[in-house]
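Here is how the chains run, residue by residue.
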Amino acid sequence: GAVVSQHPSRVICKSGTSVKIECRSLDFQATTMFWYRQFPKQSLMLMATSNEGSKATYEQGVEKDKFLINHASLTLSTLTVTSAHPEDSSFYICSARDRGLDTIYFGEGSWLTVV
Amino acid sequence: AQKVTQAQTEISVVEKEDVTLDCVYETRDTTYYLFWYKQPPSGELVFLIRRNSFDEQNEISGRYSWNFQKSTSSFNFTITASQVVDSAVYFCALDGYQKVTFGTGTKLQVIP
């Protein structure tokens, strides 16, 4: 079964509203979680790296005020897309690093559609 | 900086043919991991393999095999006797611990 759970798997929201996507590690403590975005027919692009209890590190070109990332616990990170616009419609996927096993696991991904 | 190159954008093969997906990487890290993932149309990433940079042994898992050559910084993936269910986008990725970098993916279409 999945060791990293992402919720919701699909969400439709109205333009101008905010939407939150959760990423949970189920069987391990994830000190580091990563958020990716994937446009149709393109690769996964790293948006930000979040470490538990500290501010996320954003990749160049990613608006940190628009994509709010919170990593308040060792098992949960959230991505909030604020004031969403149709161009934010995309596939968002998180991953979590299991320090104990020294590997990473990916969530199932979330399809966001902004109408 | 790290980089992963998958030069093949799309490949089409007829069912039962063998196919090799290429992956070339660049990194300054001495310790790293290499991955292959499969992404079917539904979107989820399906883990296929993880290889430590110190382990250059080739691996075979059923119809899948991987050839890791550190000297050429390549980590190629071969599907033997391809099947229609193998049709998907395949991503090679490099985990340099600070971040994971994905290649641009290779879309494989297996024609019945």
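All values derive from a computational prediction rather than experimental measurement.

Trainee: How would you summarise unusual backbone geometry if you had to cite specific residues and measurements?
Mentor: Of all residues except glycine, most have a negative phi; of all peptide bonds, most are trans. Of note, the bond from A:His7 into A:Pro8 is cis; its omega dihedral lies within 30 degrees of zero at 0°. Within the secondary structure layout, A:Pro8 lies in the loop between strand S1 (4–7) and strand S2 (10–13). A positive phi angle, near 60°, is found at A:Lys41, a position not held by glycine. With respect to the helices and strands, A:Lys41 occurs in the loop between strand S4 (30–38) and strand S5 (44–51). Here B:Ala81, not a glycine, exhibits a phi torsion of approximately 50°, which is positive. Positionally, B:Ala81 belongs in the loop between strand S9 (74–79) and strand S10 (88–95). Take B:Ala81: its relative accessible area is 30%, and that puts it in the partly exposed class.

Trainee: So what's going on with the confidence of the model for chain B? Which residues, and what values?
Mentor: Scored by pLDDT, chain B has a mean of 93; 100% of the residues are at 70 or more. Within chain B, no element has a lower average pLDDT than strand S7 (residues 59–61) of chain B, which sits at 90, and none a higher one than strand S3 (residues 19–21) of chain B, at 98.

Trainee: Would you mind going over the pattern of salt bridges in detail, with residue names and values included?
Mentor: Counted according to the given criterion, the structure contains seven salt bridges over all chains. When the shortest N-O distance is used, the salt bridge between A:Lys66 and A:Asp88 registers 2.9 Å. A residue pair is termed long-range when its members are at least 10 positions apart, and A:Lys66 in the loop between strand S6 (57–58) and strand S7 (67–73) and A:Asp88 in the loop between strand S8 (76–81) and strand S9 (90–98) qualify at 22 residues. In this structure, A:Lys66 and A:Asp88 share a single accessibility class: buried. Counted as one network, the salt bridges with shared partners bring together B:Arg51, B:Asp55 and B:Glu59.

What counts and how
- Residues numbered from 1 in each chain as written.
- Chains lettered and ligands numbered in written order.
- Predicted model: local features only at pLDDT ≥ 70, side-chain atom pairs only at ≥ 80, totals over all residues.
- Heavy atoms only, no water.
- Helix = DSSP H or I, 4+ residues; strand = E, 2+ residues; numbered from the N terminus.
- Buried < 20%, exposed > 50% of the residue type's maximum accessible area, 1.4 Å probe, protein only.
- pLDDT = per-residue confidence, 0-100.
- Salt bridge = Lys/Arg side-chain N within 4 Å of Asp/Glu carboxyl O.

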